[in-house]
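Notes for the structure review
One letter stands for each residue in the lines below.
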Amino acid sequence: MLVEFVRKLHSLKNGKVVITKDVINYTNEKSEPICEIQKELIKYTNENFSDNYMITDIGQNQLFSLLLKVLNAKKVIDVGVYTGLSSLSFALSLPEDGKVYGLDNSSDYIDCCNQFWKKAGVSDKINLIIDDAKKTLQQLIEQGECDFDFIFIDADKLNYCEYYELALKLIRKGGIIAFDNVLFFGSTVVDENDKDDENQIFFENEAFQELVTSIKKLNDKISKDERVIKTMLPLSDGITLITKK
Ligand SMILES: C[S@@+](CC[C@H](N)C(=O)[O-])C[C@H]1O[C@@H](n2cnc3c(N)ncnc32)[C@H](O)[C@@H]1O
């Protein structure tokens, strides 16, 4: 009886959970809770920055905190710091002698970052470098710092393929590279030839299409790359996790 019922459910629901806001809230609630200062930073960002859509989701930060623990991570790069949430989550998951290299090319968010990192007591663990991230990553390679445990890439999408090659040089064997926005509102899944009414919006803006093309290029490159093992997760706006073979 149960088997028949589950079979019916499976066919009705296509074997999948539809990821609604309620599902996201539920999974966040049933996962390791974020701390009060992380919550305050999210609230502060939402109230004070018009570009607050850029902040990472709670679920992503929960996943990264767990991965850093599993990896026994000490050295992390955060490409795209914004108001500081991902760097804060990383720093909270690292041991006392751990280090986060936070890379951003904008100084607009420095005060916010410093305010919340200080409050959380992790300022000493975060090295914020304000410059073009590609340049900073190249410098780290030249300095021989090729033993990072975790690298999170969440900055300019047009440079995703370049970030990928730089990150592969900087990550240690067994370390993890994570790319954010690989689904980009679902736009990367849509084929130009079968756009329907719902997907039409993705094709209305040329600059947006350029970003989609760049992310698709990265997704194709990673999927065919024999140097790595990878998994793409439909978490948040899509995350790909990569480790070197
Ligand atoms: C989506 S936000 C990062 C969100 C952040 N990880 C968080 O947890 O909230 C992207 C950030 O990348 C930065 N950025 C864009 N282009 C960059 C570049 N070429 N080099 C360094 N940072 C860049 C932006 O200034 C912005 O703060």
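Anyway, here's the lowdown on the structure attached to this text. All chains use their own residue numbering, which begins from 1 and follows the written sequence. Totals for whole chains, interfaces and linings use all residues, but because this is a predicted model, local features are given only for residues with pLDDT of at least 70 and pairs of side-chain atoms are given and counted only at 80 or more. To get the side-chain values, all heavy atoms of the structure are used, and hydrogens and water are removed first.

The next subject is the sheet that holds strand β5 (residues 171-180). Two strands are counted as paired when DSSP detects at least two bridges linking them. We count a stretch as a helix when DSSP gives it H or I for four or more residues in a row; a strand needs E for two or more, and each element gets its number in order from the N terminus. If you trace the seven strands from one edge of the open sheet to the other, you get β3-β2-β1-β4-β5-β7-β6, paired in mixed fashion. In this open sheet, the two edge strands, each paired with only one partner strand, are β3 (126-130) and β6 (228-233). The sheet shows a mean angle of 15° between the axes of neighbouring strands, taken without regard to direction. Relative to strand β7 (residues 239-244), β6 runs antiparallel, the two being bridged by six bridges. What sits directly across from T231, in β7, is L241. Here helix α9 (residues 206-224) sits on the sheet and contacts β5, β6 and β7; the angle it forms with β6, its principal contact strand, is near 135°. Lines fitted to C-alpha atoms define the axes, with helix axes restricted to the stretch in contact, and inter-axis angles between N-to-C directions lie between 0 and 180 degrees. Residues are treated as being in contact if the distance between any of their heavy atoms lies within 4.5 Å.

Turning to the pattern of salt bridges, a few remarks are in order. Once the charged atoms of two side chains with opposite charge are near each other, the side chains can pair. Every case where a carboxyl oxygen of Asp or Glu lies within 4 Å of a side-chain nitrogen of Lys or Arg is listed as a salt bridge. By the definition in use, this model includes 15 salt bridges. Salt-bridge contacts for K39 lead to E36; the nearest nitrogen and oxygen are separated by 3.3 Å. Of the two residues, K39 and E36 are both situated in helix α3 (residues 36-48); the distance of three residues between them amounts to about one turn of the helix. Exposed residues in this analysis have more than 50% of their type's maximum accessible area, buried residues have under 20%, and partly exposed residues fall in between, with area computed by a 1.4 Å probe over protein chains only. Note on K39: relative accessible area 41%, which makes it partly exposed. Here K75 ties to E145 by a salt bridge, and the two come within 2.5 Å at their closest N and O atoms. With K75 in strand β1 (residues 75-79) and E145 in the loop between α7 (133-142) and β4 (148-153), this residue pair connects regions lying 70 residues apart in the sequence. Look at K75 and you get buried, because its relative accessible area is 16%. What you see here is one network of salt bridges that share partners, running through E165, K221, D225 and R227.

Around the ligand, the surrounding shell holds 20 residues, and the nearest of these are T56, G80, S86, D104 and D132. Polar contacts, as used here, are pairs of N or O atoms within 3.5 Å; protein pairs need one atom able to donate a hydrogen and one able to accept it. Residues neighboring in sequence count only if both atoms are side-chain atoms. Within the side chain of T56, a nitrogen or oxygen atom sits 2.7 Å from an oxygen atom of the ligand. Within the backbone of G80, one N or O atom sits 2.8 Å away from a nitrogen atom of the ligand. Polar here means any residue outside two lists: the nonpolar Ala, Val, Leu, Ile, Met, Phe, Trp, Tyr, Cys and Pro, and the charged Asp, Glu, Lys and Arg; Gly therefore counts as polar. In the shell around the ligand, the residues fall into 10 nonpolar, five polar and five charged. What makes a residue near a molecule or strand is one non-hydrogen atom of that residue sitting within 4 Å of it.

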